[in-house]
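# Structural overview
This is what each chain is made of:
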Amino acid sequence: MDLVIAKKDLLRLVDRCQGVADKKSAMPVLANVLLAADGNALRVAATDLYLAVSGQTAAEIVSAGSVAVPAKDLLDRVKAMPDGPIQVTAREGAQTVIKAVGSPRRYTLHGMPGSEFPALPKAAPDAPSLELPVELLSRLIERTHFSISTDETRAHVNSALFEWAGHRVRMVTTDGHRLSKMEVTLEGTSATATMLIPLKAIHELRRLTSGVDKETPTVHITQSGPNAFFGVGGMTFSVKLVDAQFPPYQQVIPNVSDRSIRAPRAPLAEALRAVSLAASDRTGGVKLTVTQRALRITSESPESGNGFDEVPIDYEGGEVTIGFNAKYFLDVLAGINDDEVVLGVSGELDPAVIRPATESAAESYVSVIMPMRI
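Nothing here was measured: the structure is a model prediction, and the numbers come from that model. (Residues numbered from 1 in each chain as written. Predicted model: local features only at pLDDT ≥ 70, side-chain atom pairs only at ≥ 80, totals over all residues. Heavy atoms only, no water.)

Let us look at helix α1 (residues 7–18). In this model α1 runs 16 Å from its N-terminal to its C-terminal C-alpha over twelve residues, within 8% of the 16 Å that 1.5 Å per residue would give. All buried positions along α1 are accounted for by Lys7, Asp9, Leu10, Leu13, Val14, Arg16, Cys17 and Gln18. (Helix = DSSP H or I, 4+ residues; strand = E, 2+ residues; numbered from the N terminus. Expected span 1.5 Å × (residues − 1). Buried < 20%, exposed > 50% of the residue type's maximum accessible area, 1.4 Å probe, protein only.)

Here's what the structure looks like:
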């Protein structure tokens, strides 16, 4: 294989693929990215056998062929190249030379034959598909990803539920201590889909959707057998969906709260962040005391002392004190753009419900946080 390609094009593809390459796998080839040259294009791909990503770009192909090279090593070396064209040559034994055209700088990488790279899954030609604005998928992920459990032994919550029912699209996540749900109405379109997308795939989708330029307005989503395929920004990303039952999230969201508190989002986040510095390292717990016109935030730790702050709120009613993990609140507040939020609380053993202060019939967001004893 011998080709010449612009550094920026090769760097973009390798950067988007290397996150999927499995550096810890017992199969050495999975730590590599595949470089496959044919016609007038170079295709770059990576897989860990559960996730796969691929993309292609124009290149000057001197001789076609393929080679698999270590993902991180390739990325680091392409980054270190001067701007401009790069020549990539795979020799006998899969030894791969990367050289800057017009410069003495070059690297040699020990690769593997491209034939040893696993075949990537493909969607069936008649598989159902749908299109979603890239910006919307990105927002669904940003507002819910932090509630996914990191416990890989609990597959049903180590994933995000993506549902498309008629005109409504939603994403729901929970780790058992908190839950986040965003739902949007898309007029003029109707589809049906239910996917349980694992956490690692959500991380990669987050990277793909946040790095897409404005000239790529939609993401093409296809569900085929056990896999889902996402086409965005010239890249194709596939994931093996989780085969499990997501918890009945509707039962977790309280229909009504005894107290409804309207609070300024940014000052509340700043106060929580400040007071949590003095919270217990083990629990991260703070106490929220709702009083007339003020929300008091306190923390106590035998090791680091106490913390206190308060923010003005719009509330008239009885006083109540509830303990929460401060980080859970901060994650939610970081994902909301409104200047104000509405906090719904009942008793000290009841969950808190957080919503943006302004919502429309076309879009809704809610987060539920379970209390903790402090």
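Now, onward.
With that out of the way, let us pick up the nonpolar core. Counting 102 residues, the largest nonpolar core has Leu132, Phe162, Phe230 and Phe237 as its most contacted members. With six residues, the top contributor of residues to this core is helix α6 (residues 326–335). Excluding residues that lie within four positions of it along the chain, Phe230 makes contacts with Leu137, Met195, Ile197, Leu205, Val219, His220, Ile221, Met235, Thr236, Phe237 and Val239. Core analysis: the second largest hydrophobic core is formed by eleven residues, Leu196, Phe246, Val366 and Val368 among them. (Core = buried A, V, L, I, M, F, W, Y, C linked by side-chain atoms within 4.5 Å. Contact = heavy atoms within 4.5 Å.)

In the structure shown here, the tally under the stated rule is three aromatic pairs. Arranged with centres 5.1 Å apart and planes meeting at 70°, the rings of Phe324 and Phe329 form a pair that is edge-to-face. Judged by its relative accessible area of 1%, Phe324 falls in the buried class. Relative accessible area serves as the criterion here: at 2%, Phe329 is assigned to the buried category. Above the plane of the ring of Tyr107 lies Arg77, whose end atom (NZ or CZ) is 5.6 Å from the centre. When the ring centre of Tyr365 is taken as origin, the NZ or CZ atom of Arg143, which lies over that ring, is 5.1 Å away. (Phe/Tyr/Trp six-rings, centres within 6.5 Å; stacked < 30°, edge-to-face > 60°. Lys NZ or Arg CZ within 6 Å of the ring centre and 35° of its normal.)

What follows deals with the UniProt feature "domain: DNA polymerase III beta sliding clamp C-terminal" (unreviewed entry) in the protein. Per the UniProt annotation, the sites labelled "domain: DNA polymerase III beta sliding clamp C-terminal" (unreviewed entry) are residues 251–373. Secondary structure across residues 251–373 comprises 18% helix and 43% strand; the distance between its end C-alpha atoms is 22 Å. (UniProt positions renumbered as here; feature names shortened; annotations may be inferred.)

It is worth spelling out the side chain of Thr47 at this point. When you line up the elements, Thr47 lands in strand β3 (residues 41–47). On the basis of relative accessibility, which here comes to 3%, the residue Thr47 falls in the buried class. In this structure the side chain of Thr47 is engaged in a polar contact, spanning 3.0 Å, whose partner is the backbone nitrogen of Leu49. Not counting chain neighbours up to four residues away, the residues in contact with Thr47 comprise Val20, Ala21, Asp22, Leu30, Ala52, Phe117, Pro118 and Leu120. (Polar contact = N/O pair within 3.5 Å; in protein donor to acceptor, adjacent residues only side chain to side chain.)

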